[in-house]
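Report on the structure
The primary structure of each chain is shown beneath.
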Amino acid sequence: MLNLLGEHHCKLDPKGRMMFPAKLRKQLENEISNGLVVNRDIFSKCLVLYPKTAWDKVIAELNRLSRYDEDHQLFLQKFMKGATLVELDEAGRLNMPTVLLPFADVDVKKNNEIVITGVLDKMKLWSKDNYTKYVLNDDDGIDFKVLAKKIGKDIEGLGGAGFKMN
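Residues numbered from 1 in each chain as written. Predicted model: local features only at pLDDT ≥ 70, side-chain atom pairs only at ≥ 80, totals over all residues. Heavy atoms only, no water.

Moving on, we come to the packing of helix α2 (residues 52-62) against helix α3 (residues 70-80). Where α2 meets α3, the closest approach of the two axes is 12 Å, and the angle between their N-to-C directions is 165 degrees. Here α3 runs roughly antiparallel to α2, going by the angle between their axes. The element α2 and its partner α3 pack so that their crossing is left-handed. Contacts between α2 and α3 involve Trp55, Val58, Ile59 and Leu62 from the first element and Phe75, Leu76, Phe79 and Met80 from the second. For the contact of α2 with α3, the residue count by class is eight nonpolar, no polar and no charged. (Axes fitted to C-alpha atoms, helices over the stretch in contact; angles between N-to-C directions. Helix = DSSP H or I, 4+ residues; strand = E, 2+ residues; numbered from the N terminus. Parallel < 35°, antiparallel > 145°, perpendicular 65-115°, else oblique. Left-handed = near helix turned anticlockwise from the far one by under 90°. Contact = heavy atoms within 4.5 Å. Nonpolar A, V, L, I, M, F, W, Y, C, P; charged D, E, K, R; others polar.)

This next bit is on the layout of surface pockets. Put simply, the largest pocket is a space of about 550 Å³. Lining the largest pocket we find 18 residues, and of these Tyr50, Val119, Leu120, Asp121 and Lys122 sit closest to its centre. Those elements giving two or more residues to the lining of the largest pocket turn out to be β4 (47-51), α2, α3 and β8 (122-127). Top contributing element to the lining of the largest pocket by residue count: α2, with five residues. Across the lining of the largest pocket, the residue classes break down as 12 nonpolar, no polar and six charged. Of the voids in this model, the second largest pocket is the one considered here, and its volume is about 410 Å³. Contributing to the lining of the second largest pocket are 13 residues, with Ser44, Trp126, Tyr134, Val135 and Asp140 lying nearest its centre. Across the lining of the second largest pocket, the residue classes tally to seven nonpolar, three polar and three charged. (1 Å grid on protein atoms, 1.4 Å probe; cavity = no way out; pocket = protein on both sides within 12 Å on 5 of 7 lines; lining within 4 Å. Points joined across faces, edges and corners; volume = space filled by probe spheres on them.)

Right, let's talk about a nonpolar patch on the surface for a bit. A cluster of nonpolar side chains, Ile142, Phe144, Leu147, Ile151 and Ile155, forms an exposed patch at the surface whose accessible area comes to about 440 Å². Relative to the helices and strands, Ile151 resides in helix α5 (residues 144-157). (Patch = residues over 30% accessible without salt bridge, like charges linked within 9 Å, V, L, I, M, F, W, Y side chains within 5 Å. Areas by Shrake-Rupley, 256 points an atom, 1.4 Å probe, with all protein chains shown as cover. Salt bridge = Lys/Arg side-chain N within 4 Å of Asp/Glu carboxyl O.)

By themselves, these are just geometric observations and shouldn't be taken as functional.
Here is the structure:
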């Protein structure tokens, strides 16, 4: 099971290419040759990079949806829109689909700085501005201790041990 970690600051060139962080390459050493799938995030103004094996698990879940249910098909249409298989080139660069970059507020001509974060079995690609605004900002009105307690109870409800905040 993957547990991708870290906050990696990168830059995109005008063609949307970036040097894929060496520390993430090392964490993905058994996965990277299969490629990555990039897609829009459902909940945030960022892109999600899935190792192909993690993406295959998502697809297995989605294959359980009904082909005859309009909501299921609408969700699939929206979720799959833009999903793209990408691979590292010989130089260790990743060529991001430029059609997806505006969703994450990434404009390679104005500000090419991005942040890639490891989140369990996937990575999130943020514009530097969105990362600061949505992740680093503690003035968002969210009480992390309250949220952690709720999530801990959710984990217990799913048959896990939950967790406790110190």
